[in-house]
Amino acid sequence: MANHGEMSPEDFERLLQWLGPDRDLSTKKYVELHARLSRWFYFQGCRWPEDLADEVWNRIAKKLPGFATPDKDPVHAPNIQPLDLWTKVDILRKKAEQERVTLSPFVAVFIASRIRSNVRKLEGAVIRLAAHSSLIGAEITLPYAQQVLQGFFDSQLSEFAIEAFLERFPNCSFHLLDPVPTLLGYARNVLREYWCETTRFDYERDPNEEVARINDTVPAEVRALCLELCLQRLDDNDRQLLRDYHKYEPGRKIEHRKAMANARQSTLNAIRLKVSRLMSSLRNCVKGCCRARGLEV
Amino acid sequence: MADERPRRPLKSLNQEWNTEPDTPSERTLRDYLLGWATPQSDAIDATILADGASPMLDVIEDELIEEYITGEMSDADRPRFERRFLSSKQRLEKIRLSAMLLGRRDVAEGLSQRVASLRQEPRGT
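All of these numbers come straight from a predicted model, not from anything done at the bench.

### Description of the overall build of chain A
Point 1. When you go through chain A residue by residue, the secondary structure sums to 14 helices and zero strands.
Point 2. Its helices and strands in sequence order give chain A the pattern α-α-α-α-α-α-α-α-α-α-α-α-α-α, from N to C terminus.
Point 3. Counting across all 297 residues of chain A, residues that qualify as buried make up 31%.
Point 4. Summarising the internal contacts of chain A: among those between residues at least 6 apart in sequence, 68% fall at separations of at least 24.

Right, dumping it as structure tokens:
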């Protein structure tokens, strides 16, 4: 996978600017989004979710203005030229004139970057906005367009939209655009490369870590001991709940758990959520217990 | 990356668990975690980034792990599960601990061997 290296302090500052005008709020937003991005990679079954999240931010940072070197990454060779975006913007503006509504550059680029399919869909977006705004007498601002056109767009923002947008409007407040579609667009590219270039169980970056991953570094006796200690630390009711929840006759799991929910005057979903939270705290406890014995889980 | 799930006579999880027909459904979340293509995958992706992952994803992840350990998982889902869950150290640890809790120490102890054997399988299988 093409690696964009470490992020420089300048890159990071640009990212923060991209996320918003207030540095503190942007930092908080960055931390939150990084955690969510890592979680997203985790759910895709990736081995190094945090590293892949870093890679996404690095790539975005490289696309933000102020970087003299053009992107030579062959993976991002622009099959979609910025021109495509502006053609779409022109189509939108023409349609807006026909409909006698005003589309700001922000709104036009916002729509153009999210619709890939065809002219009819682009025009459909303008028609929808025009109808909606005339009905309630609202001005078509970016947040308004985002709200009205929710669910209307193709799945992801083209990453080239960032470059193209900034070329055309170098002094714009870029943070007006929602970062999530951009992040997702980049994240999917990184994921595609990850799946393409990583054999399922190869770990080329650090063979020692690979061995540690495959071989259980914690002896079964220690894990069993830690599990028991951590179970003992739970509240009596919670411990009983966990044990009962997992003790059922084959083929009778659902009936068993429904009966448990009834007996506790609760719902099945509430019990499932509770067990999931208990399992999570149990895992953290066992991890800490193993670490205390010098074993890394 | 994400294939269409083959049709199989499996009762909807929402029916089995008698839950409200939430959006997305539990079946969809389950398929999402296993990497099957679902019409709502894009929406789930966006939700995880915009609002954080739903707690139901954690619930369903735990239940998939349980199904794998107890052998209740279907033949169609099992390779997908192994591909997505046995490649992550964090998830391997989850499986080991759940196996101990379920009294299946044999599964916990055999996991490393399973990962090693999957490693030998040709790429793309």
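### Remarks on the overall build of chain B
Point 1. In terms of regular secondary structure, chain B is built from seven helices and zero strands.
Point 2. Moving toward the C terminus, one meets the helices and strands of chain B in the order α-α-α-α-α-α-α.
Point 3. Across the 125 residues in chain B, those meeting the buried criterion constitute 35%.
Point 4. Considering only intrachain contacts with a sequence separation of at least 6, the fraction spanning at least 24 residues in chain B is 58%.

### Observations concerning unusual backbone geometry
Residues and elements named next belong to chain A.
Point 1. Phi at Arg 100 takes a positive value of approximately 60 degrees, unusual for a residue other than glycine.
Point 2. With respect to the helices and strands, Arg 100 occurs in the loop between α4 (82-99) and α5 (105-112).
Point 3. You will see that Gln 265, though not glycine, has its phi angle at about 50 degrees, which is positive.
Point 4. Relative to the elements of secondary structure, Gln 265 occurs in the loop between α13 (253-263) and α14 (268-292).
Point 5. C-beta crowding within 10 Å serves as the criterion here: with 6 such atoms nearby, Gln 265 is assigned to the exposed category.

### With respect to the interface of chain A and chain B
Point 1. Counting residues at the interface gives 38 residues for chain A, matched by 44 residues for chain B.
Point 2. Looking at the side of chain A that touches chain B, the elements with two or more residues in it are α2 (23-43), α9 (179-197), α10 (207-214), α11 (220-233) and α14 of chain A.
Point 3. Among the elements that make up the side of chain A that touches chain B, the one with the highest residue count is α14(A) (nine residues).
Point 4. Per-class residue counts for the side of chain A that touches chain B are 20 nonpolar, eight polar and 10 charged.

### A short note on the nonpolar core
Residues and elements named next belong to chain A.
Point 1. Ranked by size, the top nonpolar core spans 60 residues in total, and within it Leu 37, Val 56, Leu 183 and Ala 187 carry the most contacts.
Point 2. Broken down by element, the residue count for this core peaks at eight residues, all from α9.
Point 3. Each of domain 1 (9-78 + 179-197) and domain 3 (217-292) accounts for three or more of the residues forming this core.

### Considerations on the confidence of the model for chain B
Residue and element names in this part refer to chain B.
Point 1. Taken as a whole, chain B shows an average pLDDT of 80; of its residues, 78% reach a score of 70 or greater.
Point 2. Of all the helices and strands in chain B, helix α1 (residues 13-17) carries the lowest mean pLDDT, 43, while helix α4 (residues 55-70) carries the highest, 94.
Point 3. A low-confidence stretch, residues 7-22 (pLDDT under 50), is modelled with 20 contacts involving residues beyond four sequence positions or located in other chains.
Point 4. With a pTM of 0.68, the predicted complex shows an ipTM of 0.81.

### Remarks on α5(A)
Point 1. Across the eight residues of α5(A), six count as buried, placing the element largely inside the fold.
Point 2. Of the residues making up α5(A), those classed as buried are Val107(A), Ala108(A), Val109(A), Phe110(A), Ile111(A) and Ala112(A).

### A word on the packing of helix α12 (residues 236-245) of chain A against α14(A)
All names here are of chain A.
Point 1. Look at α12 against α14: their axes get within 10 Å of each other, and the N-to-C directions meet at 105 degrees. Looking at the two axes, α12 sits roughly perpendicular to α14. In this structure, α12 uses Asp 238, Leu 241, Leu 242 and Tyr 245 to contact α14, whose residues at the interface are Lys 274, Val 275 and Leu 278.
Point 2. Looking at side-chain class alone, the contact of α12 with α14 contains five nonpolar, no polar and two charged residues.

Conventions used here
- Residues numbered from 1 in each chain as written.
- Chains lettered and ligands numbered in written order.
- Predicted model: local features only at pLDDT ≥ 70, side-chain atom pairs only at ≥ 80, totals over all residues.
- Helix = DSSP H or I, 4+ residues; strand = E, 2+ residues; numbered from the N terminus.
- Buried ≥ 20, exposed ≤ 12 C-beta atoms within 10 Å, placed from the backbone.
- Contact = placed C-beta atoms within 7 Å.
- Nonpolar A, V, L, I, M, F, W, Y, C, P; charged D, E, K, R; others polar.
- Core = buried A, V, L, I, M, F, W, Y, C linked by C-beta atoms within 7 Å.
- Domains from an automatic or database assignment.
- pLDDT = per-residue confidence, 0-100.
- Axes fitted to C-alpha atoms, helices over the stretch in contact; angles between N-to-C directions.
- Parallel < 35°, antiparallel > 145°, perpendicular 65-115°, else oblique.

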